[in-house]
Amino acid sequence: MTQNEFLCDCNAVHEDIVKAIVKKMPNEFIFSDLALFFKIIGDKTRCKILFALSEQELCVCDLANVLSMTKSSVSHQLAKMREYGLLKYRRAGKEVYYSLDDDHIGQIFLVAMTHLEEIR
């Protein structure tokens with residue numbers, strides 16, 4: 001890269017660092033998916049659902065009671081979260097139990113909560 005290829009007009013471009021980061025940069029699809037992931041969890045009700053499900057698997061009725069919401073409202077949120085791969089479910093007779101899709105979802109959520117608790 002020549003200095004003219006950089007968008008910054010400062011005099012201290014660290015070309016080796018810039019090249020190394022550009023080489024590691026994921027493609028645009030990854031960043032689009034990442035932004036969508038944070039958009040989906042960027043809702044207060046969904047954050048409460050993630051917290052509850054990080055504690056344990058719950059049915060819709062239990063979640064509705066934990067959140068003081070109607071089953072219909074909770075089901076709507078659960079469907080959206082399932083659509084984007086945040087949750088999984090299992091049937092036990094007429095009951096449907098929800099849990100986090102994998103440990104990564106809980107880890108991301110809990111790390112973010114820990115960070116916010118530390119800066120307050």
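Scroll up for the structure.
Treat the numbers as computed from the prediction; the structure is a model and nothing was measured.

### Side note on the packing of helix α4 (residues 60–67) against helix α5 (residues 71–83)
Then, in step 1: Between α4 and α5, the shortest axis-to-axis distance is 9 Å and the interhelical angle comes to 110°. Comparing their axes, α5 and α4 come out roughly perpendicular. Taking contact as the criterion, the partners of Val60, Cys61, Leu63, Ala64 and Leu67 in α4 are, on α5, Lys71, Val74, Ser75 and Leu78.
Then, in step 2: Among the residues making up the contact of α4 with α5, the classes are represented as seven nonpolar, one polar and one charged.

### Brief notes about the environment of Ser73
Then, in step 1: Its place among the elements puts Ser73 in helix α5.
Then, in step 2: With 13 residues separating them in the primary sequence, Ser73 and Val60 have C-alpha atoms 9.9 Å apart.

### Let's talk about the side chain of Arg46
Then, in step 1: Mapped onto the elements, Arg46 comes out in helix α3 (residues 44–55).
Then, in step 2: For the buried Arg46, which has no salt bridge, the nearest side chain bearing the opposite charge is Asp43, at an N-O separation of 4.3 Å.
Then, in step 3: In terms of polar contacts, Arg46 uses its side chain to reach the backbone carbonyl oxygen of Ile40, at 3.0 Å.
Then, in step 4: The residues touching Arg46, leaving out its near neighbours within four places in the chain, are Lys39, Ile40, Gln77, Lys80 and Met81.

### So, α3
Then, in step 1: The end-to-end C-alpha separation of α3 is 17 Å, in line with the 16 Å expected for 12 residues at 1.5 Å each.
Then, in step 2: Taken as a whole, α3 has its buried residues at Arg46, Ile49, Leu50, Ala52 and Leu53. The buried side chains of α3 occupy one side of the element, clustering within an arc of 165° when seen end-on. Projecting away from the buried face of α3 at angles above 90 degrees are the exposed residues Lys44 and Glu55.
Then, in step 3: N-capping of α3 is provided by Asp43, with a side-chain oxygen placed 3.0 Å from the backbone N of Thr45.

### Quick look at a nonpolar patch on the surface
Then, in step 1: Judged by side-chain polarity, Ile17, Ile21, Met25, Phe31, Leu34, Phe38 and Ile108 come together as a nonpolar surface patch covering roughly 630 Å² of accessible area.
Then, in step 2: Considering each element in turn, the nonpolar patch owes the most residues, three residues, to helix α2 (residues 28–41).
Then, in step 3: Note on placement: Phe31 falls in helix α2.

### What to know about unusual backbone geometry
A negative phi angle is the norm for most residues apart from glycine, just as the trans form is the norm for most peptide bonds.
Then, in step 1: Here Ser68, not a glycine, exhibits a phi torsion of approximately 55°, which is positive.
Then, in step 2: Here Ser68 lies in the loop between α4 and α5.
Then, in step 3: Here Ser68 falls in the exposed class, since its relative accessible area comes to 68%.

### Description of the sheet that holds strand β2 (residues 87–92)
Then, in step 1: The sheet built from three strands is open, its strands ordered β1-β3-β2 with antiparallel pairing. The sheet is open, and its two edges are formed by β1 (58–59) and β2, each paired on a single side.
Then, in step 2: Sheet topology places β2 next to strand β3 (residues 95–100); six bridges connect them, and they run antiparallel. Within β3, the position partnered with Lys88 by the bridge is Ser99.
Then, in step 3: Sheet contacts for α3: β1, β2 and β3; angle to β3, the most-contacted strand, approximately 95°.

Cut-offs and rules
- Residues numbered from 1 in each chain as written.
- Predicted model: local features only at pLDDT ≥ 70, side-chain atom pairs only at ≥ 80, totals over all residues.
- Heavy atoms only, no water.
- Axes fitted to C-alpha atoms, helices over the stretch in contact; angles between N-to-C directions.
- Helix = DSSP H or I, 4+ residues; strand = E, 2+ residues; numbered from the N terminus.
- Parallel < 35°, antiparallel > 145°, perpendicular 65-115°, else oblique.
- Contact = heavy atoms within 4.5 Å.
- Nonpolar A, V, L, I, M, F, W, Y, C, P; charged D, E, K, R; others polar.
- Buried < 20%, exposed > 50% of the residue type's maximum accessible area, 1.4 Å probe, protein only.
- Lys, Arg positive; Asp, Glu negative; His and termini not counted.
- Salt bridge = Lys/Arg side-chain N within 4 Å of Asp/Glu carboxyl O.
- Polar contact = N/O pair within 3.5 Å; in protein donor to acceptor, adjacent residues only side chain to side chain.
- Expected span 1.5 Å × (residues − 1).
- Arc of directions from axis to C-beta.
- Patch = residues over 30% accessible without salt bridge, like charges linked within 9 Å, V, L, I, M, F, W, Y side chains within 5 Å.
- Areas by Shrake-Rupley, 256 points an atom, 1.4 Å probe, with all protein chains shown as cover.
- Pairing = 2+ DSSP bridges.

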